Amino acid sequence: IAVDPSADRIGQARDRADAAEVRVELHQAGLAELAFLRSDSVDAALSVMALATVDDLARVFRQVHRVLKPEAALVCSFPHPAFAMFDPTSPDPLRVAHPYDQSAPRSWELGNDTITDHPRTVGEIFTTLHRSSFVVDQLIEPTAPERAPRSASFTDAARFVPATLIVRARKQGN
């Protein structure tokens, strides 16, 4: 089951699932709009960077908690707030350019889409999960290997400061 508010991304997912001959139930909806799912019916939830775009993260976590089976895992990734302190395109990519706890939404381009992220500190993510009855059992903060393949989205700063925060949490209670 996949949920995304973008019709374009749902279309891309449908095309990729068809090409891979994989059956995926696709829903164009906000990430907190999970009314089509029964409570305690989902084995695991995965979000790769999508939660950064959500304004009301607590609402999403409450809905995911509702649909997950007891003790089921939620694995999600966010842009790392430490990496957001830097401007990797500047002449000195490791010079601090922004405060760690900056909370103003930030927009950027992805193909033809304008994406708006809502920066959060590690503490904000952890606290929001806890208040939604999740227990965090793992945090991963990977840095890029020295010989990582170069691309338009790669920056050498990612070798020194983690660009991604990966969180695994488990549903507690009902």
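In the block above lies the structure referred to throughout.
Per chain, residues are indexed from 1 in the order of the written sequence. Two thresholds apply to this predicted model, a pLDDT of at least 70 for residue-level local features and 80 or more for giving and counting side-chain atom pairs, whereas whole-chain, interface and lining totals are computed over all residues. Each side-chain value is derived from all of the structure's non-hydrogen atoms; neither hydrogens nor water enter the calculation.

Turning next to the overall build of the chain. Counting from the N terminus, the helices are the DSSP runs of H or I reaching at least four residues and the strands are the DSSP runs of E reaching at least two. Of regular secondary structure, the chain possesses three helices and eight strands. Its helices and strands in sequence order give the chain the pattern β-α-β-β-α-β-β-β-α-β-β, from N to C terminus. In terms of overall size, the chain behaves like a compact globule, its C-alpha atoms giving a radius of gyration of 17 Å where 174 residues would be expected to give roughly 16 Å. The principal-axis extent of the C-alpha atoms belonging to the chain is close to 50 × 40 × 30 Å. Expressed as a percentage of its 174 residues, the buried residues of the chain come to 36%. This radius of gyration counts C-alpha atoms alone. The globule rule is 2.2 Å times how many residues there are, raised to the power 0.38. Each residue's exposure class comes from its accessible area (1.4 Å probe, protein chains only) as a fraction of the maximum for that residue type: buried when under 20%, exposed when over 50%, partly exposed otherwise.

Okay, the environment of Asn-112 next. Tracing the backbone through its elements, the reader meets Asn-112 in the loop between strand 5 (106-110) and strand 6 (113-117). In this structure, the C-alpha to C-alpha distance between Asn-112 and Pro-81, residues 31 residues apart in sequence, is 25 Å.

Time to look at the nonpolar core. What makes a nonpolar core is a set of buried Ala, Val, Leu, Ile, Met, Phe, Trp, Tyr and Cys residues whose side-chain atoms join them at distances within 4.5 Å. Within the largest apolar cluster, 25 residues are counted, with the highest numbers of intra-cluster contacts made by Leu-51, Phe-61, Val-64, Leu-68, Leu-74, Leu-129 and Phe-134. Of all elements in the fold, only strand 3 (42-48), helix 2 (57-67), strand 4 (68-79), helix 3 (122-131), strand 7 (134-140) and strand 8 (164-171) reach the threshold of two or more residues within this core. Each residue touching Val-64, except ones within four places of it in the same chain, is listed here: Leu-34, Ala-45, Leu-74 and Phe-134. Counting residues in hydrophobic clusters, the runner-up holds 10 residues, among them Met-85, Ala-144, Ala-148 and Ala-158. By definition in these notes, contact holds between two residues if any of their heavy atoms fall within 4.5 Å.

When a carboxyl oxygen of Asp or Glu is within 4 Å of a side-chain nitrogen of Lys or Arg, the pair counts as a salt bridge. Per the stated rule, a full pass over the model turns up five salt bridges. Across the salt bridge formed by Asp-43 and Lys-69, the nearest N and O atoms sit 2.7 Å from each other. Here Asp-43, found in strand 3, pairs with Lys-69, found in strand 4; they are 26 residues apart in sequence, far enough to count as distant. By relative accessible area, which is 56% here, Asp-43 ends up exposed. Taking relative accessible area as the criterion, Lys-69 reaches 33% and is therefore assigned partly exposed. Measuring nitrogen to oxygen at the nearest pair gives 3.1 Å for the salt bridge that ties Asp-137 to Arg-170. A residue pair is termed long-range when its members are at least 10 positions apart, and Asp-137 in strand 7 and Arg-170 in strand 8 qualify at 33 residues. Residues participating in the shared-partner salt-bridge network are Asp-137, Arg-168 and Arg-170.

Attention now goes to the packing of helix 2 against helix 3. Across the interface, helix 2 lies against helix 3 with an axial gap of 9 Å and an inter-helix angle of 40 degrees. Taken together, the axes of helix 2 and helix 3 lie oblique to each other. Note that helix 2 runs across helix 3; the crossing there is right-handed. Note on element contacts: helix 3 touches helix 2 through Ile-125, Thr-128 and Leu-129, opposite Leu-57, Ala-58 and Phe-61. Between N-to-C directions, angles cover 0 to 180 degrees, with each direction set by a line fitted to C-alpha atoms, over the stretch in contact for helices. Should an angle lie under 35 degrees it is considered roughly parallel, over 145 roughly antiparallel, and from 65 to 115 roughly perpendicular; all remaining angles are considered oblique. Definitions for this section: a left-handed crossing has its near helix turned counterclockwise from the far helix by less than a right angle. A right-handed crossing has that turn clockwise.

A few words on a nonpolar patch on the surface. The patches reported here contain residues having more than 30% relative accessible area and no salt bridge. Joining distances are 9 Å for like charges and 5 Å for nonpolar side chains (Val, Leu, Ile, Met, Phe, Trp, Tyr). Accessible surface is estimated by sampling points in the Shrake-Rupley manner with a 1.4 Å probe; for residues, cover comes only from the protein chains shown. A cluster of nonpolar side chains, namely Leu-46, Val-48 and Met-49, defines an oily patch on the protein surface of about 300 Å² accessible area. With respect to the element layout, Leu-46 can be found in strand 3. On the basis of relative accessibility, which here comes to 65%, the residue Leu-46 falls in the exposed class.

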